[in-house]
Amino acid sequence: ETLTILDTENHSITYVIEDGPEPISKSTVANYVGLLQLSAVTDENSTFIEWSSTYESNDPNAVHEFCNPIYVALLAALKQHFAK
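Not measured: the values here are computed from a predicted model.

(A) Quick look at the overall build of the protein chain. Along its length, the protein chain carries 1 helix and 4 strands. When the elements of the protein chain are put in sequence order from the N terminus, they spell out β-β-β-β-α. Considering only C-alpha atoms, the protein chain reaches an extent of 45 × 25 × 20 Å along its principal axes. The burial tally for the protein chain puts 20% of its 84 residues in the buried class.

(B) Local environment of the environment of V41. Note on placement: V41 falls in strand β3 (residues 29-41). Note: C-alpha distance between V41 and L75 (34 residues apart in sequence) is 16 Å.

(C) How the structure looks around the pairing of strand β1 (residues 2-7). In this structure, β1 lies alongside strand β2 (residues 12-17), joined through 5 bridges in antiparallel fashion. If you follow D7 over to β2, its bridge partner there is S12. Counting the residues in the hairpin turn of β1 and β2 gives 4 residues, including H11, whose phi is positive at 55 degrees.

(D) Broad picture of the environment of S25. By the secondary structure assignment, S25 is in the loop between β2 and β3. Between the alpha carbons of S25 and V63 there is a distance of 9.9 Å; along the sequence they are 38 residues apart. Those residues in contact with S25, other than ones at most four positions away along the chain, are D19 and G20. Of note is the side chain of S25, whose polar atom sits 2.5 Å from the side chain of E22. A polar contact is formed between the side chain of S25 and the side chain of S27, at a distance of 2.9 Å.

The rules behind the values
- Residues numbered from 1 in each chain as written.
- Predicted model: local features only at pLDDT ≥ 70, side-chain atom pairs only at ≥ 80, totals over all residues.
- Heavy atoms only, no water.
- Helix = DSSP H or I, 4+ residues; strand = E, 2+ residues; numbered from the N terminus.
- Buried < 20%, exposed > 50% of the residue type's maximum accessible area, 1.4 Å probe, protein only.
- Pairing = 2+ DSSP bridges.
- Contact = heavy atoms within 4.5 Å.
- Polar contact = N/O pair within 3.5 Å; in protein donor to acceptor, adjacent residues only side chain to side chain.

Honestly, it's all geometry; don't read function into it.
In structure tokens form, the structure reads like this:
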């Protein structure tokens, strides 16, 4: 993964995955761009994190099945870390 945009004013980062294990290797996925966007939830004094990605793949289901558990685990770890 390579960080391509760090936008501190809008609380977001954008990154690309140039290569990785199957099913996100450069031979099966092109133009993978990930985005993390933080938004204030003012009535709860909390933060909403939206993590999304776009990519080109002949098997988008495989990419989703590979990446989604990683997103879920990392977001859970962030929640646990900041809940302390």
